[in-house]
Amino acid sequence: MADSERMKTSLPKCPTGILGLDEITEGGLPKGRPTLVCGGPGCGKTLLAMSFVVNGAIHYDEPGVFMAFEESAEELIQNMASLGWDLEELIKRKKLMIDHIHVEPSQIEETGEYDLEGLFIRLAHAVESTGAKRIALDTLEALFSGFTNTFILRAEFRRLFRWLKSKGLTAVITAERGERGITRHGLEEYVSDCVILLDHRLSDQVATRFLQVSKYRGSGHGTNEYPFLISKEGISVLPITSVALDHKVSVERVSTGIPRLDSMLGGKGYYRGSTVLVSGTAGTGKTSVAVHFIDAACRRGERCLYFAFEESPSQILRNMRSIGIDLQAWVKEGLLKFRAARATLYGLEMQLEAMREVVLEFEPRVIVVDPISNLVAVGAESDVKSMLTRLIDWLKTRGITSLFTDLTYHGGPQEATEVRISSLMDTWILLKMLEEKGERNRALYILKSRGMAHSNQIREFLITEKGIELLDVYLGPGGVLTGSARYVQEAREKAEALALRQEIERKERELERKRKAMEAQITTLKARFEAEEEELIKIINEAKEREESLAKGRKEMARLRQAD
């Protein structure tokens, strides 16, 4: 089916404006139909109903009516002011009407002629005076508290829902949760087009609210239980399925703050907007690696947010000064912000919401969460993984580069995290202690780094007063050497190299002596040859002269004798 045809045949939706809920319901509540919201006391029914009406008036230009059967209009206005909603202003602008109907159960007589005409008249007046498109009824128990006859209840429910549909109103109706069924009367869900269940549970002294869409006629929807939060911004639902894997990715690279670690990551560092996991046992230097990343980002002029679950900001600032990193300067410039609190301060969902609020307020380019393993004290492993998955997906949609540290335990599997989130990470750096000859030395290696070439070598590293220093891989006869074993082997090899150099130099000197001796001999022989040569030439010349003289004498004698 083409997209245009699917749009025509799909059920019209009315967006709630509640973060996450519209994604779970694939667009919102059924338009022009009733939706039942049920749950126990304190689970957020009234707030959800009011959010639906107020968001319609503010964001979608759809005026609304809120019909209350328990709280007065003044109480609702005062309660909702804590969320920043000025209901009185909306009422003045005729974007909202709040009507309170007090029902006294003792005054209701069950007769076959009882009906809701009075309610319909008041509803019709409120709708006409505001031009309402949305309506909320809170709660049904207060309206029908005097009924025990299920036949009358069912008939009145049907009348109410038919009336709402006939007016084209998108309605949210709240009801109390029943002990045996979804609702107290066990009837409302059968006459509602959509049913949303709210629950407020306490587990290990941590309270969590959950939302589930148990029914939605004519539409697909998320069927899981989703944690939701009630904060100063209202209701927010952040299910895993609410974040599609369609976020944009960057090819820009950002430095780790450790030059030689950048070299191990293809020479450029992490990808912008990626997720990084640094795991290791206690004392391996996870926080130091994280702080180098923070320092590098601040030097680029980027805002950084540090979530600390173990140490106070002042302790982190003091400790990092010992390795030559002054974070206080970045705090003063407004580039670095700490949020330090024990992970047990909130439940997982409130923790997620608190982190989200700080990120939205500070707008960082880089965040560090140190360490995520502390969250296990707040919830089960599956709950922690769910919370972190939503956080990671949300951070990626905002292009925030995030680094998480994770504490592993000595003797346990090193290439595993306690909350099993390594598969969500783009880069995973493992720090470990190598124990040899009574020493423990730090080592680092990259388990994975998606989308880039990276080193497969284990590097020893030192935490010095000038920061982290990565050392070259050093192989001895028995494998990789670290610590004093490295120094001993280096000294031995240096001594051997020195002895070899000295031997080479001795041979060179000996060769030079022989060369000079040979050259001296050659000079002597040459001088002797030249002397002998000179003497022989002299003798030869003298012999030639005598021969010439004798020839002249014979010639002269012959002339004197007048010989022929």
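All figures in this text were calculated on a predicted structure; none of them were measured in a lab. (Residues numbered from 1 in each chain as written. Predicted model: local features only at pLDDT ≥ 70, side-chain atom pairs only at ≥ 80, totals over all residues. Heavy atoms only, no water.)

### Description of the sheet that holds strand β16 (residues 336–340)
Hydrogen bonding along the main chain pairs the strands of a sheet, whether they run parallel or antiparallel. On the basis of which strands lie adjacent, the open sheet formed by 9 strands has the order β16-β15-β17-β18-β14-β19-β20-β21-β22 and mixed pairing. This sheet does not close on itself; its edge strands, each paired only once, are β16 and β22 (467–470). On average, adjacent strands in this sheet sit at an angle of 25° to one another, irrespective of strand direction. This element, helix α11 (residues 313–321), spans β15 (304–308) and β16 of the sheet and lies at about 125° to β16. (Pairing = 2+ DSSP bridges. Helix = DSSP H or I, 4+ residues; strand = E, 2+ residues; numbered from the N terminus. Axes fitted to C-alpha atoms, helices over the stretch in contact; angles between N-to-C directions. Contact = heavy atoms within 4.5 Å.)

### Some remarks on unusual backbone geometry
Across the junction of Asp 138 and Thr 139, the peptide omega takes the value 0°, indicating a cis bond. With an omega of -10°, the peptide bond running from Asp 370 to Pro 371 counts as cis. Within the element layout of this structure, Pro 371 appears in the loop between β17 (366–370) and α14 (381–397). With a phi angle near 60°, Glu 26 is a residue other than glycine that sits in the positive phi range. Relative to the helices and strands, Glu 26 is located in the loop between α2 (21–24) and β2 (29–30). We note that Glu 363 has phi near 55°; this positive angle belongs to a residue other than glycine. By secondary structure assignment, the location of Glu 363 is in the loop between α13 (348–362) and β17.

### Some details on the pattern of salt bridges
What the rule picks out here adds up to 20 salt bridges. As a salt-bridge pair, Asp 426 and Arg 450 come within 3.4 Å of each other at their nearest N and O atoms. Within this pair, whereas Asp 426 is found in the loop between β18 (401–407) and β19 (427–436), its partner Arg 450 is found in the loop between β20 (439–449) and β21 (459–464), the two being separated by 24 residues in sequence. Notably, a salt bridge pairs Glu 503 with Arg 506, separated by 2.7 Å at the nearest N-O pair. Of this pair, Glu 503 and Arg 506 both sit in helix α15 (residues 483–560), 3 residues apart, which is roughly one turn of that helix. On the basis of relative accessible area, Arg 506 is assigned to the partly exposed category, the value being 35%. (Salt bridge = Lys/Arg side-chain N within 4 Å of Asp/Glu carboxyl O. Buried < 20%, exposed > 50% of the residue type's maximum accessible area, 1.4 Å probe, protein only.)

### Some words on a nonpolar patch on the surface
A cluster of nonpolar side chains, contributed by Leu 536, Ile 539 and Ile 540, occupies part of the molecular surface with about 280 Å² of accessible area. With respect to the helices, strands and loops of the structure, Ile 540 is situated in helix α15. (Patch = residues over 30% accessible without salt bridge, like charges linked within 9 Å, V, L, I, M, F, W, Y side chains within 5 Å. Areas by Shrake-Rupley, 256 points an atom, 1.4 Å probe, with all protein chains shown as cover.)

### Things to note about helix α3 (residues 45–59)
Look at α3: 21 Å from first C-alpha to last across 15 residues, which is about the 21 Å you get at 1.5 Å a residue. Where burial is concerned, most of α3 is hidden: 13 out of the 15 residues are buried. (Expected span 1.5 Å × (residues − 1).)

### A word on the packing of α13 against α14
At a minimum axis separation of 10 Å, α13 and α14 run at an interaxial angle of 15°. Judged by the angle between their axes, α13 and α14 are roughly parallel. Between α13 and α14 the crossing geometry is right-handed. On the side of α13, the interface is formed by Leu 348, Glu 349, Gln 351, Leu 352, Met 355, Arg 356, Val 359 and Leu 360, while α14 contributes Asp 383, Val 384, Met 387, Arg 390, Leu 391 and Trp 394. Tallied by class, the residues present in the contact of α13 with α14 amount to 9 nonpolar, 1 polar and 4 charged. (Parallel < 35°, antiparallel > 145°, perpendicular 65-115°, else oblique. Left-handed = near helix turned anticlockwise from the far one by under 90°. Nonpolar A, V, L, I, M, F, W, Y, C, P; charged D, E, K, R; others polar.)

### Some thoughts on the side chain of Arg 272
Turning to its location among the elements, Arg 272 is positioned in the loop between β13 (270–271) and β14 (275–280). According to the relative accessible area criterion, Arg 272 is buried, its value standing at 8%. Among the polar contacts listed, one links the side chain of Arg 272 to the side chain of Glu 302, at a separation of 2.6 Å. Ignoring anything within four residues of it in the chain, the contact list for Arg 272 reads Ser 250, Glu 252, Val 254, Arg 300, Glu 302, Arg 365, Gly 399 and Thr 401. (Polar contact = N/O pair within 3.5 Å; in protein donor to acceptor, adjacent residues only side chain to side chain.)

### Focus: the packing of aromatic side chains
Summed over all chains, the structure comprises 3 aromatic pairs. When the ring of Tyr 270 is compared with that of Phe 293, the centres are 5.2 Å apart and the planes differ by 85°; the resulting orientation is edge-to-face. Placement of Tyr 270 in strand β13 and of Phe 293 in helix α10 (residues 286–299) is noted, with a sequence separation of 23 residues between them. Its relative accessible area of 0% is what places Tyr 270 among the buried residues. Classification of Phe 293 as buried rests on a relative accessible area of 0%. Here the aromatic rings of Tyr 306 and Phe 338 are separated by 5.2 Å at their centres, their planes lie at 40°, and the arrangement is tilted. Here the residue Tyr 306 occupies a position in strand β15, and Phe 338 occupies one in strand β16, the gap between them amounting to 32 residues. With respect to burial, Tyr 306 and Phe 338 carry one shared label: buried. The ring of Tyr 271 is capped by Arg 253, whose NZ or CZ atom sits 4.8 Å from the centre of that ring. (Phe/Tyr/Trp six-rings, centres within 6.5 Å; stacked < 30°, edge-to-face > 60°. Lys NZ or Arg CZ within 6 Å of the ring centre and 35° of its normal.)

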